[in-house]
Amino acid sequence: MKKAPVAISGAGCLCAAGLTLKESFSAMLRGERNPKPPVAFSSSHIEKFPVFEILAPLPIPGSDVELLRTSLLAFSAAGEALADAGLEPEQLGQLRVGVCIGTTVGSAMNNEDFYRDFRAGDEPEMTAIDRYLRSNPAAALARRYQLDGPCQTVVNACSSGTDAIGLGAAWVRSGLCDVAVVGGADELCRTTYNGFASLMIADPGPCRPFSSQRKGLNLGEGAGILILESAAMLGKRGRQARGYLLGYGSAVDAYHLTAPHPEGEGLQRALAECLVSSGITAEKIAFINSHGTGTPDNDRTESRVLGKLFPDTPFVATKCYTGHTLGAAGAIEAVLTLASLEQQVLPGNVGLGVPDTGLPVHPVAENSAIRGTVGLSESLAFGGNNSAIMLGLEVG
Amino acid sequence: MTGLQINGLGLVGGFGCGAEDLQVALEKREAPVSRVNLRDHLFPLFQADTAALGNYLNKRALRRIDHFSRLALLGAFQALEDVGPLELNRERLGVIIGSGFGALKTTFGFLDSIIADGDACASPTAFSNSVHNAAAAHISMQLKLTGPSLTVSQFDQSLVSGLLSARQWLAEGRVEAVLLGVVDEYCQVLGYCWERYFGEQISSKMRPLDFDHFSAVPGEGAAFFLLQAEADCAAKYGIIDSVVMGQLWGSRPTLIPGQPLVLGCEGHPLNGGIYRQQLPENASVACYTPLYGAAPVTQGFDLAVAALTLKRGEMFPSADSGGDYYSGSVVTEARKVNRLTCLRYGFGGEYAVIQLKGNG
Amino acid sequence: MDIKTKLKQVLIEELNLEDITIEEIGDDEALFGEGLGLDSLDAVELVVVVQKHFGVEIKDMEEGRPALQSINSLAAFIEEKQK
């Protein structure tokens with residue numbers, strides 16, 4: 001059933017490509033990227049898997065003794081998004097504001113130094129645990145802005161950011177809150193770095209989504225935040241919507257813990273729900289921001305599904321500019337989708353090289369003009385989760 | 001709002017496995033505390049045993065499934081079994097899991113593989129199982145559930161946060177039913193944290209209504225619910241009327257005068273003061289945490305007790321009778337009830353309120 | 001213990017194959033799909049197992065795929081690398 005669109009009144013993101021949405025999107029259109037071996041930590045792998053790390057000081061720096069970097073990333077993107085929406089932090093306590101944020105590292109009690117000491121029989125100080133307990137991203141945002149509404153940290157692995165946006169939109173639509181701060185945040189972490197290396201899906205070079213030479217993903221870090229708002233609140237504040245969240249769908253494969261279903265069975269059902277709930281037909285979609293991690297399995301599944309459902313729709317894998325930011329990925333990509341709609345241009349898929357001829361469809365290699373007001377962003381995740389959201393510049 | 005019918009229960013915790021075991025503990029007003037390893041000594045724990053999962057899955061199916069996911073699977077299997085012959089479309093059945101801490105043992109097990117044998121020997125199986133949504137993934141694979149799946153991690157508000165989304169999904173017609181469960185597990189690091197935070201005071205007898213003194217014992221386990229939108233047919237257990245999560249810096253829980261409260265206090269003076277300040281003076285309260293212990297998600301067990309209460313239409317006597325340390329009114333004997341409220345405060349001013357009613 | 005028996009033993013231990021014994025694994029039996037029934041996650045775990053127990057590195061799946069066919073192929077791969 002078609003659902004009512006929910007207004008997007010502000011957007012913000014930061015990633016290795018830039019510290020704001022504007023900076024990030026401009027860098028992408030210039031085709032810039034510079035993945036490098038991690039600076040924040042070292043590893044003993046023979047291959048120095050490159051990552052997309054934010055090396056500049058964060059816009060909202062804060063103390064990393066106090067909070068995990070993931071929370072600070074969320075604060076930075078939220079600060080940009082709230083300012084974009086014209087919402088003063090002091091106002092927020094007076095409104096019914098929900099917060100729904102996806103993450104992976106931001107909710108894991110896995111501090112390696114602490115655990116090394118514990119395992120060695122020492123008595124590590126509780127600094128790392130205190131920090132973890134303070135850093136649940138949704139709770140940290142609620143505390144920072146004194147929000148008093150629904151609060152949810154979504155831990156659906158790599159689809160968390162997309163899911164958080166779709167779930168938060170439902171809160172606004174049903175009147176559970178007037179404003180929702182939604183999105184995702186994740187920091188680079190030695191644990192996930194080693195994890196993806198162990199799964200042998202980290203590319204030893206810059207990632208090449210949908211390329212015949214692709215060998216896997218590069219990790220990245222960052223955050224993306226959208227401010228969703230009820231029409232009534234927007235009217236009361238005398239503001240215009242920047243865009244709309246038109247629909248959301250999600251479904252699981254129930255197939256394998258880490259591998260996607262080869263035919264994207266769950267992804268197809270997630271997309272079907274997304275189309276129906278937004279009341280948009282496939283041919284109206286101007287472009288798709290794919291999950292496009294650069295792993296052989298993911299890109300194959302995705303290309304098959306896109307080739308079947310949207311054979312003529314241009315698409316891009318923006319992870320070639322941001323790396324895979326895990327719980328933040330879907331949120332950063334949603335924000336970039338909005339930027340593409342506004343500027344009517346899709347960044348070229350840098351590093352595509354020779355497209356994999358075994359795949360039915362490929363992303364755009366060069367910056368491409370697009371025409372239309374509706375874009376789709378999709379995510380696939382460990383656990384067989386698939387989710388998709390539809391964004392538009394107009395109401396349906 | 002749309003009421004949520006509770007039509008299936010799946011439970012595993014310190015009290016045992018299944019609703020009957022919980023009911024026995026409720027009637028006896030006690031549950032056994034185990035002693036588990038914590039480095040060189042023993043540590044009290046309401047420990048959950050997943051041996052019964054062997055009734056549902058063979059060894060091959062279980063080989064890559066850790067304790068955390070086993071707890072969840074055991075809850076999930078029971079809850080679906082409890083619904084009975086009801087035909088559920090598995091594409092239209094949503095799964096929502098809440099956990100405060102996630103798969104702790106495997107999270108540290110993955111680090112073990114790195115620390116013991118170096119980065120090149122990091123275990124991919126451990127990594128894949130350490131993600132918070134691993135339990136949801138195993139549930140969807142083993143029970144062939146292919147609808148929407150959501151895992152949330154919101155510490156003490158994990159249950160209500162998940163319930164809010166369950167209600168949304170049912171109200172929007174995204175799904176016909178939601179299998180919602182909460183799960184948390186013990187591990188030695190958690191025990192260490194308890195000792196560092198709470199020191200020598202660790203006890204084995206919980207007195208949660210004594211808001212000033214520490215008496216918490218950690219617990220682990222899973223509580224699962226099969227939820228459906230309120231309908232003409234009666235709910236198997238009861239109906240969740242409203243779910244509210246909030247923050248004391250912005251609001252106070254709205255409580256209905258005269259309605260008994262199932263309190264989520266766990267013998268932590270850290271938030272005991274909040275209960276003492278916030279509880280209405282004449283409130284009639286019961287607390288059952290001495291039957292399953294303290295963990296971010298034990299409000300799931302409170303909700304299960306509420307469900308069992310509404311099914312029989314009678315309160316269970318509080319597991320903590322209040323002694324001389326609690327001056328308010330405590331439910332100490334069985335009495336008729338058709339409405340009640342689960343109330344829990346976290347450590348930072350967050351609160352969770354679930355109001356329930358019986359059929360008709 | 002010969003390398004094939006040791007391989008079978010660590011396979012059972014590290015992949016938690018509690019439902020089978022060393023004797024039940026054929027030297028030429030397919031490890032994946034039909035046969036032993038292992039999957040892609042086991043494949044990458046096996047890469048770690050081989051590194052950990054035999055000190056032999058499998059760089060990527062291009063190298064790994066032919067080696068991970070059966071106990072025989074894996075034993076041959078390890079022996080070749082250990083030379």
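Check the entry above for the structure.
Below you will find a few notes about this structure. (Residues numbered from 1 in each chain as written. Chains lettered and ligands numbered in written order. Predicted model: local features only at pLDDT ≥ 70, side-chain atom pairs only at ≥ 80, totals over all residues. Heavy atoms only, no water.)

**Here we look at the overall build of chain B**
Test applied: Only DSSP runs of H or I with at least four residues qualify as helices, and only runs of E with at least two residues qualify as strands; both kinds are numbered from the N terminus onward. Restricting the calculation to C-alpha atoms gives the radius of gyration, and the globule rule supplies 2.2 Å times the number of residues raised to the power 0.38. Whether a residue is buried, partly exposed or exposed follows from its accessible area with a 1.4 Å probe, protein chains only, as a fraction of its type maximum: under 20%, in between, or over 50%, in that order. Contact definition: two residues touch when any of their heavy atoms are within 4.5 Å. Methods summary: accessible areas were calculated by the Shrake-Rupley approach with a probe of 1.4 Å, and residue burial reflects only the protein chains presented. His is not counted, nor are the chain ends, whereas Lys and Arg count as positive and Asp and Glu as negative. Each charge is placed at NZ for Lys, CZ for Arg, CG for Asp and CD for Glu.
Helix and strand counts for chain B stand at ten helices and 14 strands. Radius of gyration (C-alpha) of chain B: 19 Å, near the 21 Å computed for a compact globule of 360 residues. Its C-alpha atoms put chain B at 60 × 50 × 40 Å along the principal axes. Residues counted as buried form 68% of the 360 residues belonging to chain B. For chain B, the proportion of contacts with a sequence separation of at least 24, taken over those separated by at least 6, is 78%. When the accessible surface of chain B is summed, it comes to about 11600 Å², and 47% of that surface belongs to carbon and sulfur atoms. Treating the 28 positive side-chain charges of chain B as one cloud and the 35 negative ones as another, the clouds have centres 3 Å apart.

**Comments concerning the interface of chain A and chain B**
The line we're drawing: The term buried area refers to how much accessible surface (probe radius 1.4 Å) is lost by two components on association, counted for both of them together. Salt bridges are defined by distance alone: a side-chain nitrogen of Lys or Arg within 4 Å of a carboxyl oxygen of Asp or Glu. The term polar contact refers here to a pair of N or O atoms within 3.5 Å; inside protein, the definition further demands a hydrogen-donor-capable atom paired with an acceptor-capable atom, and it admits residues adjacent in sequence only when both atoms are side-chain atoms. Ten residue types, Ala, Val, Leu, Ile, Met, Phe, Trp, Tyr, Cys and Pro, are classed as nonpolar, four, Asp, Glu, Lys and Arg, as charged, and the remainder, Gly among them, as polar.
If you look at the interface, chain A gives 73 residues, while chain B gives 63 residues. Carbon and sulfur atoms supply 58% of the area that chain A and chain B bury against each other, a total of about 5700 Å² over both sides. If you look at where chain A meets chain B, you find six salt bridges. E273(A) is the salt-bridge partner of R174(B), the closest N and O atoms lying 2.6 Å from each other. Joining chain A to chain B, the criterion identifies 37 residue pairs in polar contact (both at pLDDT 80 or more). Considered class by class, the residues forming the side of chain A that touches chain B number 32 nonpolar, 25 polar and 16 charged.

**Considerations on helix α9 (residues 269-278) of chain B**
Here α9(B) has its buried residues at N271(B), G272(B), G273(B), I274(B) and Y275(B). Next to the buried residues of α9(B) lie β10 (261-263) and β13 (339-345) of chain B.

**Concerning the pattern of salt bridges**
The full count for this structure, using the stated rule, is 41 salt bridges over all chains. Salt-bridge contacts for D19(C) lead to R60(B); the nearest nitrogen and oxygen are separated by 3.3 Å. Within this pair, whereas D19(C) is found in the loop between α1 (3-14) and α2 (40-54), its partner R60(B) is found in helix α2 (residues 59-62), the two belonging to separate chains. On the accessibility criterion, R60(B) (24% relative accessible area) is partly exposed. In this structure, a network of salt bridges that share partners links the residues E112(A), R116(A), R190(A) and D119(B).

**Considering the pairing of strand β7 (residues 222-229) of chain A**
In regular strands, side chains alternate between the two faces of the sheet. Residues and elements named next belong to chain A. The line we're drawing: Two strands form a pair only when DSSP identifies at least two bridges running between them.
With respect to burial, β7 is a largely interior element, eight of its eight residues being buried. Burial of the side chains of β7 extends over both faces: G222, G224, L226 and L228 are buried on one face and A223, I225, I227 and E229 on the other. With seven bridges joining them, strand β1 (residues 6-14) and β7 adopt antiparallel strand pairing. By the bridge assignment, L14 is partnered in β7 with A223. Here strand β5 (residues 179-186) pairs with β7 via eight bridges, running antiparallel.

**A short note on the interface of chain A and chain C**
Chain A puts eight residues into the contact, and the matching count from chain C is ten residues. Surface buried jointly by chain A and chain C totals about 650 Å² across both partners, of which 69% is contributed by carbon and sulfur atoms. The largest contributions to the chain A side of the interface with chain C come from L199(A), M200(A) and H256(A), which together make up 61% of the buried area. Counting every contact that joins chain A to chain C gives zero salt bridges. Applying the counting criterion to the chain A and chain C interface returns one residue pair in polar contact (both at pLDDT 80 or more). A per-class count over the side of chain A that touches chain C returns five nonpolar, three polar and no charged.

**What about the nonpolar core?**
The cut-off we apply is this: Only buried residues count toward a nonpolar core. Its members are Ala, Val, Leu, Ile, Met, Phe, Trp, Tyr and Cys residues joined through side-chain atoms within 4.5 Å.
Grouped together as the largest cluster of nonpolar side chains are 136 residues, with contacts concentrated most on L226(A) and Y288(B). Contacts of Y288(B), omitting those with residues within four sequence positions, involve L26(B), V262(B), V305(B), M315(B), F316(B), P317(B), S318(B) and A319(B). Core analysis: the next-biggest nonpolar cluster, separate from the first, contains 85 residues, M126(A), L219(A), F110(B) and A75(C) among them.

**Describing a negative patch on the surface**
So the rule is basically this: Patches were defined on residues exceeding 30% relative accessible area and lacking a salt bridge, with like-charge contacts within 9 Å and nonpolar side-chain contacts (Val, Leu, Ile, Met, Phe, Trp, Tyr) within 5 Å.
Residues D113(A), D117(A), D122(A) and E123(A) make up a contiguous surface patch of negative charge. We classify D113(A) as exposed; its relative accessible area is 57%.

**Things to note about the packing of helix α7 (residues 158-172) of chain B against helix α10 (residues 299-312) of chain B**
All names here are of chain B. Condition: Lines fitted to the C-alpha atoms define the axes, with helices restricted to the stretch that makes contact. Angles between their N-to-C directions range from 0 to 180 degrees.
Contact geometry for α7 and α10: axes closest at 8 Å, N-to-C directions at 65 degrees. Residue-level inspection shows L159, V160 and L163 of α7 in contact with α10, the latter providing Q299, G300 and L303. Within the contact of α7 with α10, the residues separate by chemical class into four nonpolar, two polar and no charged.

**Overview of the side chain of Q78(B)**
Residues and elements named next belong to chain B. Relative to the helices and strands, Q78 is located in helix α3 (residues 67-83). On the basis of relative accessibility, which here comes to 10%, the residue Q78 falls in the buried class. Within the structure, the side chain of Q78 is placed 3.4 Å from the backbone nitrogen of G18, a separation counted as a polar contact. Excluding residues within four positions of it along the chain, Q78 makes contact with L9, G10, L11, C17, G18 and Y56.

**Section: the packing of aromatic side chains**
Stated precisely, the cut-off is as follows: Any two rings among Phe, Tyr and Trp, with Trp reduced to its six-membered ring, count as a pair given centres within 6.5 Å; such a pair is stacked if its planes are under 30 degrees apart, edge-to-face if over 60, and tilted if neither.
Taken as a whole and assessed by the stated rule, the structure comprises 27 aromatic pairs over all chains. When the ring of F15(B) is compared with that of Y292(B), the centres are 6.5 Å apart and the planes differ by 80 degrees; the resulting orientation is edge-to-face. Residue F15(B) is found in the loop between β1 (4-13) and β2 (16-17), and its partner Y292(B) is found in the loop between β11 (284-287) and α10; the two are separated by 277 residues along the sequence. Residue class for F15(B) comes out buried when judged on its relative accessible area of 8%. With a relative accessible area of 0%, Y292(B) lands in the buried category. When the centroid spacing of 5.4 Å and the interplanar angle of 85 degrees are considered together, the rings of F15(B) and F301(B) count as edge-to-face. Taken together, the residues F15(B) in the loop between β1 and β2 and F301(B) in helix α10 connect sequence positions 286 residues apart. Judged by relative accessible area, F301(B) falls into the buried class, the value being 2%. A connected cluster of aromatic rings, assembled from ring pairs, spans F114(A), Y115(A), F118(A), F108(B) and Y192(B).

**Remarks on the environment of V183(B)**
All names here are of chain B. Within the secondary structure, V183 is located in strand β7 (residues 177-184). For V183, a relative accessible area of 0% corresponds to the buried category. Sequence spacing of V183 and G221 is 38 residues, and the spatial spacing of their C-alpha atoms is 5.7 Å. With residues near it in sequence (within four places) discarded, V183 still touches F68, L71, A72, I97, G98, S99, G100, G221, A222 and V297.

**Remarks on the side chain of D184(B)**
Residues and elements named next belong to chain B. Mapped onto the secondary structure, D184 falls in strand β7. R344 provides the closest opposite charge to the buried, salt-bridge-free D184, at an N-O distance of 7.9 Å. At 3.1 Å, the side chain of D184 and the side chain of S99 are in polar contact. The residues contacting D184, other than those within four sequence positions of it, are F68, L71, S99, G100, F101, G102, E220, G221, A295, P296 and V297.

**Observations regarding the packing of helix α2 (residues 69-84) of chain A against helix α6 (residues 137-144) of chain A**
Residue and element names in this part refer to chain A. Defined as follows: Note on terminology: angles under 35 degrees are roughly parallel, angles over 145 are roughly antiparallel, angles of 65 to 115 are roughly perpendicular, and the others are oblique. Here is the rule for handedness: rotate from the far helix to the near one, and if that takes an anticlockwise turn smaller than a right angle the crossing is left-handed, while a clockwise turn gives right-handed.
Where α2 meets α6, the axes come as close as 9 Å, and the angle between the chain directions of the two elements is 55 degrees. Taken together, the axes of α2 and α6 are oblique relative to one another. Taken as a pair, α2 and α6 cross one another with a handedness that is right-handed. Touching T70, S71, A74, F75 and A78 of α2 are P137, A140, L141 and R144, all from α6. Here the residues of the contact of α2 with α6 are counted per class, giving six nonpolar, two polar and one charged.

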